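A closer look at the structure
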Amino acid sequence: MRVLITGITGFAGSHLADYLLQRSEVELYGIIRWRSRTENIKHIWDRLKLLECDLRDASSTRDVIEEIKPDYIFHLAAQSFVPTSWKAPSASMVTNIIGELNVFEAIRKLNLKSRIQIACSSEEYGLVKPDEIPIKETNPLRPLSPYGVSKVGQDMLGYQYFMSYKMDIVRTRAFNHTGPRRPPLFVCSDFAKQLVDIERGVREPVMRVGNLEAKRDFTDVRDIVRGYWLALEKGKGGEVYNISSGRSWKIKDVLDMLAKLSGVDVKIEEDPARLRPSDVPNLEGDNTKFVKATGWKPEIPFEQTLSDLLDFWRTNPDWI
Ligand code: GDD
């Protein structure tokens, strides 16, 4: 079975590669750009078939897909950091929406029968009303960031290509996920790295934070990527599935959990640069539809994920 991961050098992509390499039936392909950081896949480098491609370039995308002729595609490549989507909204739209469009068009024009999973996001739900929690797939989408809008675009494009051309596309809306190798831009990894730097004595004991009142539904990345596999093994083309733990944590509580695990005494300071023009207040996903379709359930407790994240930064303080 020929499997392609777009975004293989990224956080989720590298964990998905680790997972797929345990499956003997899988011949694993990835695409990289000429300047991609390859730190995340260094440990499996010789087990991957890597081809150079920029998804923003239609001909480049078509050429590699023609060469690979994948049975499965996991489309994870994206600009994934919400604050960057305000700084570079147009680039975020092009990477996320046009990048996906180029994959779809390549498959369509080559007349391939690939099954395609697209990594959509809980950010699409955006402003969710209290009586809409936990969020079902049928909830209205009210995105509050350019990133959220770009993911709605990807999601709707997946729906439209299924409807128009019967392409075998499964949409997954993953809620927040974290774990080792997460860049320290995202909240859990950022806080864990700050704490480890304080432990190591290379930072004063002051934590810089943004909005601690937001709530997010966290799952370990290793559970999420197993979900992506199951989405293509057991999910239905044309459908959309939430992948979430079904429980949410206030960011303040996440900070407290990490500080407790670390054991250092810290002062908390709000950093205005970390506040967003509009922050999604509460994301807690209802995963019933996905669990029913695939039998998936999260296995790694959040405390374990946070502890692994601290250990990751202790062992790899200079990862980024
Ligand atoms: N990054 C960051 N840094 N976030 C902070 C901080 C901080 O210092 N302090 C508080 N927060 C709050 C943010 O305002 C947000 O409410 C929450 O922590 C989570 O922020 P992120 O970790 O940056 O993730 P996100 O929820 O914006 O987006 C992530 O999850 C999506 C799925 O819901 C990303 O991984 C997206 O790519 C993904 O689609």
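See the structure printed just above.
Residues numbered from 1 in each chain as written. Predicted model: local features only at pLDDT ≥ 70, side-chain atom pairs only at ≥ 80, totals over all residues. Heavy atoms only, no water.

Things to note about the overall build of the chain
- Scanning the chain for helices and strands turns up ten helices and 13 strands.
- Taken over C-alpha atoms, the radius of gyration comes to 19 Å for the chain, in line with the 20 Å a tight globule of 320 residues would show.
- Considering only C-alpha atoms, the chain reaches an extent of 60 × 45 × 40 Å along its principal axes.
- Here the chain holds 320 residues, and the buried ones make up 55% of them. (Helix = DSSP H or I, 4+ residues; strand = E, 2+ residues; numbered from the N terminus. Rg over C-alpha atoms; globule rule 2.2 N^0.38 Å. Buried < 20%, exposed > 50% of the residue type's maximum accessible area, 1.4 Å probe, protein only.)

Topic: the nonpolar core
- Ile5, Leu20, Leu28, Phe74 and Tyr228 are the most contacted members of the largest nonpolar core, which totals 34 residues.
- Of all the secondary structure elements, the ones that give two or more residues to this core are β1 (2-6), α1 (11-20), β2 (27-32), β4 (72-75), β6 (168-174), α7 (221-234) and β11 (240-243).
- Setting aside its immediate chain neighbours within four residues, Tyr228 contacts Phe74, Leu76, Gln117, Ala119, Thr172, Ala174, His177 and Ile243.
- Counting residues in each nonpolar core, the second largest holds 25 residues, with Leu255, Leu258, Ala259 and Trp319 among its members. (Core = buried A, V, L, I, M, F, W, Y, C linked by side-chain atoms within 4.5 Å. Contact = heavy atoms within 4.5 Å.)

Considerations on the site of the ligand
- With respect to spatial proximity, 25 residues lie near the ligand, and among them Ser80, Ser121, Ser122, Tyr147 and Arg276 are the closest.
- One of the side-chain nitrogen or oxygen atoms of Ser122 is found 2.3 Å away from an oxygen atom of the ligand.
- Between an oxygen atom of the ligand and a side-chain N or O atom of Arg182, the distance comes to 2.7 Å.
- Grouping the amino acids of the shell around the ligand by side-chain chemistry returns 13 nonpolar, six polar and six charged.
- Built from parts of two domains, the shell around the ligand gets at least three residues from each of domain 1 (2-177 + 220-243) and domain 2 (183-216 + 248-282 + 301-315). (Near = heavy atom within 4 Å. Polar contact = N/O pair within 3.5 Å; in protein donor to acceptor, adjacent residues only side chain to side chain. Nonpolar A, V, L, I, M, F, W, Y, C, P; charged D, E, K, R; others polar. Domains from an automatic or database assignment.)

Considering the pattern of salt bridges
- Applying the stated criterion to the full structure yields 33 salt bridges.
- With a shortest N-O distance of 2.7 Å, Arg173 and Asp155 are connected by a salt bridge. One end of the pair, Arg173, is in strand β6; the other, Asp155, is in helix α5 (residues 146-165), with 18 residues separating them in the sequence.
- The exposure class of Arg173 is buried, given its relative accessible area of 3%.
- Judged by its relative accessible area of 0%, Asp155 falls in the buried class.
- Arg274 is the salt-bridge partner of Asp271, the closest N and O atoms lying 3.2 Å from each other.
- With relative accessibility at 13%, the residue Asp271 sits in the buried group.
- By relative accessible area, which is 30% here, Arg274 ends up partly exposed.
- Through salt bridges with shared partners, one network takes in Asp190, Arg208, Lys267, Glu269, Asp271 and Arg274. (Salt bridge = Lys/Arg side-chain N within 4 Å of Asp/Glu carboxyl O.)

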